[in-house]
Amino acid sequence: MKRLAIAGLAALALMSSAWADGDASAGATVFAQCSACHAVGAGAQNSVGPVLNGVVGRPAGTYPSYRYSSAMRKSGLTWDEATLKQYLKGPDKLVPGSKMAFPGLASDADLANVIAYLKQQKAE
């Protein structure tokens, strides 16, 4: 019985780790919600929102040729995983006055997955 319990705990720990890392393939599906305003990939161009290639690790408000709100330019944020997670849960809560009109992602799995997807989108 103890072995079964230990095996179950080990499996749960592995699943939790996978959720924390995110699934980029599932993130591509989540990103469909973002694609109305943002683009990624070769040839991506600014639209309602800036291009998100290379967003992970980039200082907020710095993508070339995009006109950011004053609030975003002055935010002092860098888009690391923790900041992206907080922002994507409620953009207006982290950066009041931002132009991003998005209610946020409620699911931790969706957040992890879309961040994993964005990590694959390298700066051109």
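Everything discussed here concerns the structure shown above.
Not measured: the values here are computed from a predicted model. Numbers given to residues run from 1 along each chain, matching the order in which its sequence is written. Local features are withheld for residues below a pLDDT of 70 in this predicted model, meaning they are given only at 70 or higher, and side-chain atom pairs are given and counted only at 80 or more; totals for whole chains, interfaces and linings count all residues. Note that water and hydrogens are dropped before the side-chain values are worked out from all heavy atoms of the structure.

Draft legend 1. Summary view of the overall build of the protein chain. Secondary structure counts use DSSP, requiring at least four H or I residues in a row for a helix and at least two E residues in a row for a strand, with both numbered from the N terminus. A tally of regular secondary structure across the protein chain gives six helices and zero strands. Helices and strands in the protein chain line up, N terminus first, as α-α-α-α-α-α. The cut-offs for exposure are 20% and 50% of the maximum accessible area for each residue type, with area from a 1.4 Å probe on protein chains only; residues under the lower value are buried, those over the upper are exposed, and the others partly exposed. In the protein chain, buried positions account for 35% of the 124 residues. Summarising the internal contacts of the protein chain: among those between residues at least 6 apart in sequence, 44% fall at separations of at least 24. In these tables, accessible area is a Shrake-Rupley quantity obtained with a 1.4 Å probe, and a residue counts as shielded only by the protein chains included in the view. For the protein chain, the accessible area works out to roughly 7,600 Å², and carbon and sulfur atoms hold 58% of it. Contact between two residues is taken to exist if any of their heavy atoms lie within 4.5 Å; hydrogens are not considered.

Draft legend 2. How the structure looks around the nonpolar core. Among the buried residues, those of types Ala, Val, Leu, Ile, Met, Phe, Trp, Tyr and Cys that are joined through side-chain atoms within 4.5 Å form a nonpolar core. Judged by nonpolar contacts, the single largest core of 23 residues is most densely connected at F31, M72, W79 and V114. For this core, the leading source of residues is helix 6 (residues 108-119), giving five residues. Once residues within four sequence positions are removed from consideration, W79 is found in contact with V55, V56, G57, R58, P59, A60, M72, L84 and Y87.

Draft legend 3. Molecular detail of the pattern of salt bridges. Every case where a carboxyl oxygen of Asp or Glu lies within 4 Å of a side-chain nitrogen of Lys or Arg is listed as a salt bridge. Going through the model one piece at a time under the given rule, you end up with two salt bridges. Linking D108 and K89 is a salt bridge whose minimum nitrogen-to-oxygen distance equals 3.6 Å. Here D108, found in helix 6, pairs with K89, found in helix 4 (residues 81-89); they are 19 residues apart in sequence, far enough to count as distant. For D108, a relative accessible area of 44% translates into the label partly exposed. Exposure remark for K89: the relative accessible area of 40% places this residue in the partly exposed category.

Note that every value here comes from positions in space, so none of it alone points to a role or purpose.
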